[in-house]
Amino acid sequence: MSSHGSAPVEFTVDLSAHEMLRRAHVLDALGPDWDPVAALRGEEEAYELLYSGLDAEQQRVHDELVAAGVLPPRGGGLAAP
């Protein structure tokens, strides 16, 4: 079979039905008690706790990472008493 003069063939696959099925499976796996707001709040609390109590050098590095966009602009030692 010669490739001279042949045009490319357009090939399209619609995955929207598959994506809806995937999302349905994810929500089913999370269960009816999953609360996305509570999950986000818990993640934010964990982030605050993770970056609380840093010494001066650790805080400097953290601030540089935030300024560089590597870490989100949160934290600062407010989660720990």
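Located above this text is the structure these notes cover.
Residues numbered from 1 in each chain as written. Predicted model: local features only at pLDDT ≥ 70, side-chain atom pairs only at ≥ 80, totals over all residues. Heavy atoms only, no water.

Novice: How do you make sense of the overall build of the chain when you look at a structure like this?
Specialist: A tally of regular secondary structure across the chain gives three helices and zero strands. Here the chain, with 81 residues, has 9% of them falling under the buried criterion. Accessible surface computed for the chain: about 7,000 Å², of which carbon and sulfur atoms make up 62%. (Helix = DSSP H or I, 4+ residues; strand = E, 2+ residues; numbered from the N terminus. Buried < 20%, exposed > 50% of the residue type's maximum accessible area, 1.4 Å probe, protein only. Areas by Shrake-Rupley, 256 points an atom, 1.4 Å probe, with all protein chains shown as cover.)

Novice: How should a nonpolar patch on the surface be read in this particular structure?
Specialist: Side chains of Val 26, Leu 27, Leu 30 and Trp 34 sit close together on the surface and give an oily, nonpolar patch of about 360 Å² of accessible area. Inspection of the secondary structure assignment puts Val 26 in helix α1 (residues 16-30). Note on Val 26: relative accessible area 38%, which makes it partly exposed. (Patch = residues over 30% accessible without salt bridge, like charges linked within 9 Å, V, L, I, M, F, W, Y side chains within 5 Å. Salt bridge = Lys/Arg side-chain N within 4 Å of Asp/Glu carboxyl O.)

Novice: Sorry if this is basic, but what is going on with the pattern of salt bridges here?
Specialist: Oppositely charged side chains may form a pair once their charged atoms are brought near each other. For the structure on display, the rule yields four salt bridges. A salt bridge links Glu 19 to Arg 22; the shortest N-O distance between them is 2.7 Å. Residue Glu 19 and its partner Arg 22 are located together in helix α1, separated by three residues, close to a single helical turn. Where Glu 57 meets Arg 60, a salt bridge forms, and the shortest distance between an N and an O atom there is 2.6 Å. Here Glu 57 and its partner Arg 60 are both found in helix α3 (residues 56-67), three residues apart, which amounts to about one turn of the helix. Overall, Arg 60 belongs to the partly exposed group, its relative accessible area being 37%. Look at the salt bridges and you will find they share partners, linking Glu 19, Arg 22 and Arg 23 into a network.

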